[in-house]
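Fold and geometry: a report
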Amino acid sequence: MAAFTIYPAIDMRGGKCVRLLQGDYNKETVYGDSPVEMAAFFAEQGAEWIHMVDLDGAKEGKRINDQFVVEVAKQLPVKVQIGGGIRTEDDIVYYLENGVARVILGSAAIADPPFVKEMLKKYGERIAIGIDAKNGFVATEGWLNTSNVKATDLGKELAEAGAQTFIFTDIATDGMLSGPNIQAVVEMARATEKHVIASGGVSSLEDLVSLQTYADAGVIGAIVGKALYTKKFTIAEALKVVQGE
């Protein structure tokens, strides 16, 4: 079976580690005062990647919590992918030059497709495309708006433009600990014929096992947030399960 990666999530707002319920900025829980310490904790447990999101940046449309991202990328033995507030090539270059492995373009994929396609051409697999969907349609601007573009259509278009990795979030499940929308994740993998990282809803080790069964179809990993913070399981336990130990 193809490799399957666990991506512990660190969502940053006001310099703290938080989780939002279904992306709602009014439904926030703070889980830690230091994104860097949280990343170090995950790294100690064996995480190879850290998924970081600048929630302030996503809302304001510019980098805000970037110093924490750079600190993690430079100081810890992990690979970092960052999303939120990345709107310009300068933002992309800033992160890539400061040790970040992968930059996620999300809202820009709808707001400015030519820009995203140009960045894919220039930076290749160091750009991931974040597609957040609500009832099958793309949501943008920190999930504040829903477009009339079908998620799988956008995925196909960007796969043709060179995207190799997609991060797919089903908003209805995010932060709900209700289980991921596996059907929608697999649909995205089949539509794009590229790599898809599932995001949203993972609540148990069983959810990870279920997603991993589609690794050969292109589902190469899962982002896990709330389940880790509410101690449903640890990174170490998750890694054991997906590595078949």
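Data block above holds the structure.
Residues numbered from 1 in each chain as written. Predicted model: local features only at pLDDT ≥ 70, side-chain atom pairs only at ≥ 80, totals over all residues. Heavy atoms only, no water.

Time to look at helix α4 (residues 89-97). For α4, the full list of buried residues reads Asp91, Ile92, Tyr95 and Leu96. Seen along its axis, α4 keeps its buried residues to an arc of 125 degrees; they face one direction. Of the residues in α4, the exposed ones pointing more than 90 degrees away from the buried face are Asp90 and Glu97. Looking at the buried side of α4, the elements it contacts are α3 (66-75), β5 (79-83), β6 (102-105), α6 (113-123) and β7 (127-134). (Buried < 20%, exposed > 50% of the residue type's maximum accessible area, 1.4 Å probe, protein only. Helix = DSSP H or I, 4+ residues; strand = E, 2+ residues; numbered from the N terminus. Arc of directions from axis to C-beta. Contact = heavy atoms within 4.5 Å.)

Looking now at unusual backbone geometry. Negative phi characterises most residues that are not glycine, and trans characterises most peptide bonds. We note that Asn135 has phi near 55 degrees; this positive angle belongs to a residue other than glycine. Within the element layout of this structure, Asn135 appears in the loop between β7 and β8 (137-140). Of note, Glu193 is a non-glycine position whose phi angle comes to about 60 degrees, a positive value.

A few words now on the nonpolar core. Ranked by internal contacts, the top residues of the largest apolar core, which has 69 residues, are Ile10 and Leu208. In contact with Ile10, not counting residues within four places along its chain, are Cys17, Pro35, Met38, Ala39, Phe42, Ile50, His51, Met52, Val53 and Tyr229. Of all hydrophobic cores here, the second largest spans nine residues; its members include Tyr7, Trp49, Ile167 and Ile197. (Core = buried A, V, L, I, M, F, W, Y, C linked by side-chain atoms within 4.5 Å.)

The next subject is the packing of aromatic side chains. Per the counting criterion, the structure on display carries five aromatic pairs. Aromatic pair Phe42 and Tyr229: ring centres 6.0 Å apart, planes at 70 degrees, arrangement edge-to-face. Within this pair, whereas Phe42 is found in helix α1 (residues 35-44), its partner Tyr229 is found in helix α10 (residues 226-229), the two being separated by 187 residues in sequence. Accessibility assignment for this pair places Phe42 and Tyr229 in one class, buried. Where Tyr94 meets Tyr95, the ring centres are 5.2 Å apart and the plane angle is 65 degrees; that geometry is what we call edge-to-face. According to the relative accessible area criterion, Tyr94 is partly exposed, its value standing at 23%. On the basis of relative accessible area, Tyr95 is assigned to the buried category, the value being 0%. Here the aromatic residues Tyr31, Phe41, Phe42 and Tyr229 are joined through ring pairs into a cluster of three or more. Above the plane of the ring of Tyr25 lies Lys59, whose end atom (NZ or CZ) is 4.4 Å from the centre. Just above the ring of Trp49 sits the side chain of Arg102; from NZ or CZ to the centre is 4.3 Å. (Phe/Tyr/Trp six-rings, centres within 6.5 Å; stacked < 30°, edge-to-face > 60°. Lys NZ or Arg CZ within 6 Å of the ring centre and 35° of its normal.)

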